[in-house]
Amino acid sequence: MSFKVVVLWTDVVLWIMLAGLFTYVMVVRRDAALRATWRRVFHSAAAMASCVVLVSMLGLTLLDSLHFRRALPAVAGGAAAFDTRTESLLDVTLQRLIASRENSYSQPLATHGFVKETVPPEANAKAVLDASGSPALPRRAFPRLKHGGTGLADPQRDWLSDVAVRLGGGLLAGLALAGGLALAGGLRLVMRSRLQQEAGPAWRAAWWTLSVLLVLLTTAVALSWGQGYHVLGTDRTGNDVLYISLKSVRTAFVIGSLATVATLPLALALGIAAGYFKGWVDDVIQYIYTVLSSVPNILLIAACVLMVQVFLDKHPELFETGLERADLKIFLLCVILGLTGWAGLCRLLRAETLKLRELEYVQAATAFGVGPWRIMRKHILPNVMHLVLITTVIEFSSLILYEAVLSYVGVGVDPAMNSFGGMINQARSEMSREPVVWWSFAAAFVFMVAVVLAANLFADAVRDAFDPRARTHRPVKMHTARAVSNKG
């Protein structure tokens, strides 16, 4: 076999969560009430555009969650051996960016390095002798990049025209794909002028968002294809910043999704139990989450992460590769975030359960002798799931930002794993040097803002659709009010 499949902890959990999401979609399709509620979510143009961005990022995450190790050349009489480096399908797709490693920093679309190096005279002079006839000495100069615009005979003369041609080709290809998408998806639904006045999903916003993503994709491919350039430059070790940013998307999704799901068991069980049983059960649970909330989260998480780090350092025999060790650390970090972050959702569920247990159908079930656990499972739990869904979506973006803070203070993910927090942590020294190395920080900032903003906008739409109070107090749009007045 030419490769060996590698199954990581986070890979398993991500694919299980994807299966759970697919199951939930099937449930929504069969439930008319849920289907109507989700239709209200996708009435919002912002929610539809955010969904396209999040689905695109999820696609990157899934591509980066299928890992394998390549087989080494066979030795006669020897057992099969595999490379120590673990790759993913995303690595195979971005092989051009991986192979284009430089010696050190380089700016976006640059042809020369950012840091001067000692260049021998044979490499920087047309003649070995200088003007006086003496041997030319080595000098400090910006070295030519090994993979940045290598096809240019004269970079100073040909760089601008080459970038313009590649940029134009990428834009045209992206626009062509966007136009083909509009035709394939039904131009009538996308471009119809009265679409915004209908009670239907905002397909126009989805088309515009996907078109922008396609243009960005084709432009990046055109600029980096063949003897192209580093679109976002390179970092201190010469790695392509665009590759690091794309790999960091998976880390953000792992932290946001796994840590959010890890909070649910304790929050659901303790919150519903506290609200339903009241009395000493409520007092004990309130005492637990009050004490937990009084401890600074950063200190509590840092202490737990350091204990995990000690365990990993003492048991290196448990891991065949460095990626497996880094993956277990991020998995345990998600568990720690879940075990320390359930108090907020627990409070909400307790308050909602206190209200639900006094309703007539719960009192009737109690009067007919239905057990408390069956009442909580059949009558309480389904009626608090809207709070769970809203909180889960909102906490997703918060945990992505939390990972950046933890990595910045040195207790986040393993340094061997790409993450936005690691990029920002490295930028501390880069932004304070002269000249400033700004592109790594800018790339992490743009990608993180895109993911977090999309998650927040989608969370707002979910909250408005599932929270009756939000729908009741939603301000009426001007054109809707005007249309009602015209009918009157």
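Anything mentioned here points back to the structure above.
Owing to the predicted nature of the structure, the values given are computational and were not obtained by experimental measurement.

## Quick look at the overall build of the protein chain
Next, step 1: Of the regular secondary structure elements, the protein chain holds 20 helices and five strands.
Next, step 2: If you take every contact in the protein chain between residues at least 6 apart in sequence, the share linking residues at least 24 apart comes to 75%.
Next, step 3: About 26500 Å² of surface is accessible on the protein chain, with carbon and sulfur atoms providing 67% of the total.

## A short note on helix 2 (residues 32–41)
Next, step 1: Listed as buried for helix 2 are Thr37, Trp38 and Val41. Projected down its long axis, helix 2 shows its buried positions confined to an angular sector of 95°, all on one face.
Next, step 2: Its buried side turned inward, helix 2 meets helix 1 (9–30), helix 3 (45–63), helix 16 (372–408) and helix 18 (439–466).
Next, step 3: The backbone nitrogen of Ala33 has a side-chain oxygen 2.9 Å away, supplied by the residue at the start of helix 2, namely Asp31.

## Some words on the pairing of strand 2 (residues 67–70)
Next, step 1: The pairing of strand 1 (residues 3–6) with strand 2 spans four bridges and is classified as antiparallel. Note that in strand 2 the partner of Val6 across the bridge is His67.

## Focus: the nonpolar core
Next, step 1: One finds Val41, Phe420 and Phe458 to be the most contacted residues of the largest nonpolar core, which totals 52 residues.
Next, step 2: Among the elements that make up this core, the one with the highest residue count is helix 18 (15 residues).
Next, step 3: What Phe420 contacts, discounting residues up to four positions off in sequence, is Ser245, Ser248, Val249, Ala252, Glu403, Ala444, Phe447 and Met448.
Next, step 4: Grouped together as the second largest cluster of nonpolar side chains are 25 residues, Ala267, Ile272, Ala273 and Trp342 included.

## Focus on the packing of helix 10 (residues 241–277) against helix 11 (residues 279–294)
Helix-helix packing is characterised by the crossing angle of the two axes and by the distance between the axes.
Next, step 1: At a closest axis distance of 7 Å, the pairing of helix 10 and helix 11 adopts a crossing angle of 145°. Along this stretch, helix 10 crosses helix 11, giving a crossing that reads as left-handed. Only Gly279, Val281, Asp282 and Ile285 of helix 11 make contact with helix 10, whose side of the interface consists of Leu270, Ala273, Ala274 and Phe277.
Next, step 2: Here the residues of the contact of helix 10 with helix 11 sort into six nonpolar, one polar and one charged.

## So, the side chain of Ser88
Next, step 1: Along the chain, Ser88 falls in strand 3 (residues 87–88).
Next, step 2: Look past the residues within four positions of Ser88 in its chain and what remains in contact with it is Leu63, Asp64, Leu66, His67, Phe68 and Lys247.

## Brief notes about a nonpolar patch on the surface
Next, step 1: Among the surface-exposed residues, Met431, Val436, Trp438, Phe441, Phe445, Val446, Val449, Leu453 and Leu457 lie close enough to one another that they form a single nonpolar patch of about 770 Å² accessible area.
Next, step 2: Tracing the backbone through its elements, the reader meets Trp438 in the loop between helix 17 (420–430) and helix 18.
Next, step 3: For Trp438, a relative accessible area of 42% corresponds to the partly exposed category.

## Considerations on the environment of Val249
Next, step 1: The topology assignment puts Val249 in helix 10.
Next, step 2: Counting along the chain gives 171 residues from Val249 to Phe420, while the straight-line C-alpha distance between them is 7.9 Å.
Next, step 3: Sequence-distant contacts of Val249, defined by excluding residues within four places in its chain, comprise Met57, Leu60, Thr61, Phe420 and Phe447.

## Considering the sheet that holds strand 1
Next, step 1: Strand order in the open sheet formed by three strands is 1-2-3, and the pairing between neighbours is antiparallel. Either end of the sheet is taken by a strand with one partner, and the two such strands are strand 1 and strand 3.

## Some points on the packing of aromatic side chains
Remark: the centre distance and the inter-plane angle together describe each pair of aromatic rings, the angle taken between the planes.
Next, step 1: This structure, assessed with the given rule, holds 16 aromatic pairs.
Next, step 2: Aromatic pair Phe114 and Trp439: ring centres 5.0 Å apart, planes at 85°, arrangement edge-to-face. Separated by 325 residues along the polypeptide, Phe114 in the loop between helix 5 (95–99) and strand 4 (117–119) and Trp439 in helix 18 bring together distant segments of the chain. Exposure class is identical for Phe114 and Trp439. Each is buried.
Next, step 3: The interplanar angle of 20° and the centroid separation of 6.5 Å between the aromatic rings of Phe441 and Phe445 together place this pair among those described as stacked. Here Phe441 and its partner Phe445 are both found in helix 18, four residues apart, which amounts to about one turn of the helix.
Next, step 4: Sitting over the ring of Tyr276, Arg357 keeps its end group 5.4 Å from the ring centre.

The rules behind the values
Every chain is numbered independently, its residues counted from 1 as its sequence is written. Only residues with pLDDT of at least 70 are given local features in this predicted model, and only at 80 or more are side-chain atom pairs given and counted; all residues enter the totals for whole chains, interfaces and linings. Hydrogens and water molecules were not included; the side-chain quantities draw on all heavy atoms of the structure. Helix numbering and strand numbering both begin at the N terminus, where a helix is a DSSP run of H or I of at least 4 residues and a strand a DSSP run of E of at least 2. Working rule for contacts: check all heavy atoms of both residues, and any pair within 4.5 Å makes them a contact. Areas reported here follow the Shrake-Rupley algorithm with a probe of radius 1.4 Å; residue values treat only the protein chains shown as occluding. Exposure classes here rest on a 1.4 Å probe applied to the protein chains alone. A residue is buried below 20% of its type maximum, exposed above 50%, and partly exposed in between. Arc, as used here, means the arc of the directions from the helix axis to the C-beta atoms. Counted as a polar contact is a pair of N or O atoms within 3.5 Å, where, for protein atoms, one must be capable of donating a hydrogen and the other of accepting one, and residues adjacent in sequence contribute only when both atoms are in side chains. If DSSP finds at least two bridges between two strands, the strands pair. The nonpolar core is taken to be a set of buried Ala, Val, Leu, Ile, Met, Phe, Trp, Tyr and Cys residues, with the residues joined through side-chain atoms within 4.5 Å. Only C-alpha atoms enter the line fits that serve as axes; for helices the fit covers just the stretch in contact. Angles between N-to-C directions range over 0 to 180 degrees. Crossings are assigned a handedness: left-handed for a near helix turned anticlockwise from the far helix by less than a right angle, right-handed for a clockwise turn. As a working rule, the residues Ala, Val, Leu, Ile, Met, Phe, Trp, Tyr, Cys and Pro are called nonpolar, Asp, Glu, Lys and Arg charged, and the rest polar, with Gly in that last group. For patch detection, residues must exceed 30% relative accessible area and be free of salt bridges, and they are connected within 9 Å for like charges or within 5 Å for nonpolar side chains (Val, Leu, Ile, Met, Phe, Trp, Tyr). Here, a salt bridge means any side-chain nitrogen of Lys or Arg that lies within 4 Å of a carboxyl oxygen of Asp or Glu. Ring pairs shown here join Phe, Tyr and Trp side chains whose ring centres sit within 6.5 Å, with only the six-membered ring taken for Trp; geometry is labelled stacked below 30 degrees between planes, edge-to-face above 60, and tilted in between. Counted as over-ring charges are cases with an Arg CZ or a Lys NZ within 6 Å of the ring centre that also lie within 35 degrees of the ring normal.

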